Number of protein chains: 2
Amino acid sequence: MSDATTARDRRPGGRTARIRAQVLDAVRAELAEGGHEGLTVEGVATRANVHRTTVYRRWRDVGGLLADVIAAAGEIDWQPPDTGSLSGDLTALNEEIQESLLVRPSLARALMAASFHSEQAARAQTRLWADRYAQCGILVERAVERGELPARHTDARSLLMAATAPVYHHLVLQRADPDPRLPRRSAVAAVLAAAAGAFSAD
Amino acid sequence: MSDATTARDRRPGGRTARIRAQVLDAVRAELAEGGHEGLTVEGVATRANVHRTTVYRRWRDVGGLLADVIAAAGEIDWQPPDTGSLSGDLTALNEEIQESLLVRPSLARALMAASFHSEQAARAQTRLWADRYAQCGILVERAVERGELPARHTDARSLLMAATAPVYHHLVLQRADPDPRLPRRSAVAAVLAAAAGAFSAD
DNA sequence: CGGCTAGTGCGACAATTGTTGCGTTAGGAT
DNA sequence: ATCCTAACGCAACAATTGTCGCACTAGCCG
């Protein structure tokens with residue numbers, strides 16, 4: 001995958017790992033200060049007490065840095081919510097998403113912005129989404145077991161997209177003011193559609 | 001609104017208008033060649049046979065250029081589809097959206113990318129969405145008249161978001177391969193949810 | 001026609017961004 | 001302990017990006 005990981009495989013030793021840690025910490029710190037706007041290779045390198053060229057060579061660009069931060073964060077295992085009902089789970093998921101987009105700095109936002117002009121960031125984004133959706137498949141399975149959804153197979157990915165997409169759409173594309181009701185409304189709407197058989201795989 | 005429009009109001013004369021036309025044409029041309037990646041102020045200015053400084057002063061940055069292109073395009077009046085059924089209308093709308101994201105160059109994509117680091121582009125984006133949704137309100141009204149939706153008031157914006165958001169989510173955020181079925185599936189799901197009262201304003 | 005000035009052209013400049021070649025260092029291997 | 005080389009530091013460079021002051025041009029108005 002990324003150059004950083006390749007390098008780590010080839011010489012996982014103390015210095016390489018230490019510098020990676022320094023740089024990734026610096027990315028997070030810079031992100032916290034200036035948001036994804038003020039994030040620059042120069043700034044990261046300076047803060048990490050590392051030379052520009054090192055960063056350019058190992059991570060190529062800002063997108064590469066963000067991709068690596070995401071990869072490092074992916075090592076901590078995230079768990080989908082489990083509230084006892086499908087609509088509750090999806091609502092909780094949406095609230096989590098909404099918060100991740102509103103918190104400053106928003107890593108999610110930064111990754112999206114970078115993914116438009118960085119191949120590494122784009123790949124990291126795609127991969128992150130695939131993982132998340134795969135993990136959330138369990139929500140649908142549990143709902144079927146509880147009898148909340150018709151026994152016939154429901155396409156988990158479609159359902160999850162229907163539930164979560166509006167939150168992103170509202171905050172990222174429309175850039176509208178956050179609506180505290182949206183997470184629940186969107187989740188409920190998706191569940192109703194699912195109950196009506198909208199996402200049954202045919 | 002934009003500097004360009006202000007300027008045009010204050011001195012709408014031949015040269016100002018001519019240069020605006022040259023520059024906006026150049027933006028579209030550059031976009032067509034290099035996509036939203038290769039879009040640079042320098043390139044636009046050169047192609048338009050105009051000096052860099054002129055562009056910087058009137059449009060500030062790439063986002064301003066795109067915002068003005070959008071504004072100019074907004075002058076041609078777009079009409080929401082009218083197929084005779086709500087699900088048909090929403091499907092057609094989604095297919096239009098999907099095409100606008102897949103066509104090269106994608107003005108929509110470029111505007112999104114720019115909106116992350118240009119205030120003007122961000123505002124243009126927000127305004128564009130508000131206009132589109134307002135215009136699409138008629139779809140819901142017609143559906144109610146036809147008896148496709150319960151008589152009680154349905155929140156048009158929520159319904160439209162539920163229908164369209166997944167398409168953007170799929171193509172822009174997930175960057176997954178285009179799914180020719182998604183426009184219809186997503187539209188139908190939204191209609192089913194609406195029929196179940198998911199978007200009734202309370 | 002002739003003056004006024006918004007808007008443009010021009011060049012010089014500063015700041016940022018990214019690249020390259022080469023010497024040095026540190027960590028892994030024998 | 002010693003060698004080997006991946007990875008880093010460094011400096012110099014090139015390219016890009018954005019700004020500023022000033023001259024000038026063209027459209028508007030009297």
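The residue numbers shown here count from 1 along each chain, following its written sequence. Lettering of chains starts at A and numbering of ligands starts at 1, both following the order in which they are written. Given that this is a predicted model, residues contribute local features only at a pLDDT of at least 70 and side-chain atom pairs are listed and counted only at 80 or more, while totals for whole chains, interfaces and linings are drawn from all residues. Here the side-chain values reflect all heavy atoms present in the structure, with hydrogen atoms and water set aside.

Asks: Could you clarify how one ought to interpret the pattern of salt bridges in this entry?
Replies: Where charged atoms from two side chains of opposite charge come close, those side chains can pair. All names here are of chain A. A side-chain nitrogen of Lys or Arg and a carboxyl oxygen of Asp or Glu constitute a salt bridge if their distance falls within 4 Å. Throughout the structure, instances matching the rule amount to 16 salt bridges over all chains. For Arg52, the salt bridge identified is with Glu42, shortest N-O distance 3.1 Å. Taken as a pair, Arg52 in helix H4 (residues 52–59) and Glu42 in helix H3 (residues 41–47) lie far apart in primary sequence, 10 residues in all. For Arg52, a relative accessible area of 39% translates into the label partly exposed. Within the structure, one salt-bridge network assembled from shared partners comprises Glu30, Glu33 and Arg47. In this text, helices come from DSSP runs of H or I with a minimum length of four residues, and strands from runs of E with a minimum of two, each type numbered from the N-terminal end. Each residue is placed in one exposure class: buried if its accessible area under a 1.4 Å probe, protein chains only, is under 20% of its type's maximum, exposed if it is over 50%, and partly exposed if it falls in between.

Asks: Would you take a moment to explain the packing of helix H5 (residues 62–74) of chain A against helix H8 (residues 119–145) of chain A for this structure?
Replies: The geometry of a pair of packed helices is captured by two quantities: the angle between their axes and the separation between those axes. Residue and element names in this part refer to chain A. Fitting a line to C-alpha atoms yields each axis, with helices limited to the stretch in contact; the angle taken between N-to-C directions then spans 0 to 180 degrees. As a packed pair, H5 and H8 sit with axes 7 Å apart at the nearest point and diverge in direction by 25 degrees. Of the possible angle classes, the one that applies to H5 and H8 is roughly parallel. Judged by the sense of rotation from one axis to the other, the crossing of H5 with H8 is left-handed. Residue-level contacts link Gly63, Gly64, Ala67 and Ile70 of H5 to Gln120, Ala121, Ala124 and Leu128 of H8. Under the grouping applied here, Gly and all other residues not named as nonpolar or charged are polar, the nonpolar ones being Ala, Val, Leu, Ile, Met, Phe, Trp, Tyr, Cys and Pro and the charged ones Asp, Glu, Lys and Arg. In terms of residue class, the contact of H5 with H8 is built from 5 nonpolar, 3 polar and no charged. Orientation is classified from the angle alone, with under 35 degrees giving roughly parallel, over 145 giving roughly antiparallel, 65 to 115 giving roughly perpendicular, and any other angle giving oblique. Left-handed describes a crossing in which the near helix is turned anticlockwise from the far one by less than a right angle; the clockwise case is right-handed. The criterion used for residue contact is that any of the two residues' heavy atoms lie within 4.5 Å.

Asks: I'm lost on unusual backbone geometry in this one. Help?
Replies: Both trends apply: most residues other than glycine have a negative phi, and most peptide bonds are in trans. Residues and elements named next belong to chain A. Going from Arg104 to Pro105, the amide bond is cis rather than trans, its omega being 5 degrees. Position of Pro105 among the secondary structure elements: in the loop between helix H6 (86–102) and helix H7 (107–115). Located in the positive-phi region is Arg175, a residue other than glycine, with phi close to 55 degrees. Looking at the element boundaries, Arg175 is found in the loop between helix H9 (156–173) and helix H10 (182–195). Of the residues examined, Arg175 reaches a relative accessible area of 24% and is grouped as partly exposed.

Asks: How do you make sense of the environment of Ala201 of chain B when you look at a structure like this?
Replies: All names here are of chain B. Mapping Ala201 onto the fold places it in the segment after helix H10 (182–195). Sequence spacing of Ala201 and Asp155 is 46 residues, and the spatial spacing of their C-alpha atoms is 5.6 Å. Beyond its immediate sequence surroundings of up to four residues, Ala201 is in contact with His153 and Asp155.

Asks: What is the right way to read the domain arrangement of chain A from this model?
Replies: Frequently, the measure chosen for interface size is the accessible area that the parts lose on association. Residue and element names in this part refer to chain A. Residue ranges labeled as domains rest on an automatic or database domain assignment. Domain annotation of chain A identifies domain 1 (3–74) and domain 2 (86–195). Contacts between the two partners involve 13 residues from domain 1 and, on the opposite side, 13 residues from domain 2. Throughout, the accessible surface (probe 1.4 Å) given up by two parts as they are put together, summed over both, is called the buried area. Of the roughly 1100 Å² buried between domain 1 and domain 2, counting both surfaces, carbon and sulfur atoms make up 77%. When the buried surface of domain 1 facing domain 2 is broken down by residue, His36, Leu66 and Ile70 rank first, second and third, together holding 42% of it. Scanning the region where domain 1 abuts domain 2 turns up 0 salt bridges. As used in this structure description, the phrase polar contact means that two N or O atoms lie within 3.5 Å; if the pair is within protein, one of them must be able to donate a hydrogen and the other to accept it, and residues adjacent in sequence are counted only when both atoms belong to side chains. In this structure, the connection of domain 1 to domain 2 is made through 1 residue pair in polar contact (both at pLDDT 80 or more). Of all the secondary-structure elements, those providing two or more residues to the side of domain 1 that touches domain 2 are helix H2 (14–34) and H5. Counting residues per element, the side of domain 1 that touches domain 2 draws most heavily on H5, at 6 residues. Looking at the side of domain 1 that touches domain 2 residue by residue, the classes come out as 7 nonpolar, 4 polar and 2 charged.

Asks: It is not clear to me how the packing of H6 of chain A against H8 of chain A should be interpreted in this structure. Could you clarify?
Replies: Residues and elements named next belong to chain A. Here H6 crosses H8 at 160 degrees, and the two axes come no closer than 9 Å. Taken together, H6 and H8 sit at an angle that is classed as roughly antiparallel. Seen from above, H6 lies across H8 with left-handed handedness. In contact with Leu86, Asp89, Leu90 and Leu93 of H6, H8 contributes Cys136, Leu139, Arg142 and Ala143. Partitioning the contact of H6 with H8 into residue classes produces 6 nonpolar, no polar and 2 charged.

Asks: Quick question: what am I supposed to make of the interface of chain A and chain B here?
Replies: In this assembly, 40 residues from chain A lie in contact with 40 residues from chain B. Between chain A and chain B, roughly 3300 Å² of surface is buried when both sides are summed, and carbon and sulfur atoms account for 59% of that area. When residues of chain A are sorted by the area they lose upon contact with chain B, Phe116, Leu173 and Gln174 of chain A head the list and together hold 23% of the total. At the junction of chain A and chain B, the tally comes to 0 salt bridges. The tally of links between chain A and chain B comes to 10 residue pairs in polar contact (both at pLDDT 80 or more).

Asks: Is there a simple way to think about the relation of the copies chain A and chain B in this case?
Replies: Two chain copies here: they are related by a rotation about an axis and a translation along the same axis. Expressed as a screw operation, the relation of chain A to chain B combines 0.0 Å of axial shift with a rotation of 180 degrees, fitting to an RMSD of 0.1 Å. The operation mapping one copy onto its partner corresponds to a two-fold rotation axis. Rotation axis and chain A: the residue whose C-alpha lies nearest the axis is Ala193 of chain A, separated from it by 2.2 Å. The copies are overlaid by a least-squares fit using only the C-alpha atoms of residues whose pLDDT is at least 70 in both copies.

Asks: In this structure, what is going on with the confidence of the model for chain A? I would like to understand it.
Replies: As a general rule, the predicted coordinates of low-pLDDT regions are not to be interpreted in detail. pLDDT is defined as a per-residue confidence score from the predictor, taking values between 0 and 100. When the pLDDT values of chain A are averaged, the result is 91; 93% of them are 70 or greater. Here residues 1–8 of chain A is a poorly scored stretch, pLDDT under 50, and it has 10 contacts once near neighbours within four places are set aside; other chains count.

Asks: Just checking my understanding: could you explain the packing of aromatic side chains for this structure?
Replies: The relation between two aromatic rings is expressed through the spacing of the ring centres and the mutual angle of the planes. Aromatic contacts are taken between Phe, Tyr and Trp rings whose centres are within 6.5 Å, Trp giving its six-membered ring; a plane angle under 30 degrees counts as stacked, one over 60 as edge-to-face, and the others as tilted. Tallying each qualifying case throughout the model produces 5 aromatic pairs over all chains. Relative to Phe116 of chain B, the ring of Phe116 of chain A has its centre 5.8 Å away and its plane inclined at 45 degrees; by these criteria the two rings are tilted. Note that Phe116 of chain A is positioned in the loop between H7 and H8 and Phe116 of chain B in the loop between helix H7 (107–115) and helix H8 (119–145), a pairing that runs across two chains. Overall, Phe116 of chain A belongs to the buried group, its relative accessible area being 7%. A ring pair is formed by Trp129 of chain A and Tyr168 of chain A, whose centres lie 5.1 Å apart and whose planes are at 70 degrees; its orientation type is edge-to-face. Here Tyr168 of chain A lies in helix H9 and Trp129 of chain A lies in helix H8, a separation of 39 residues in the sequence.

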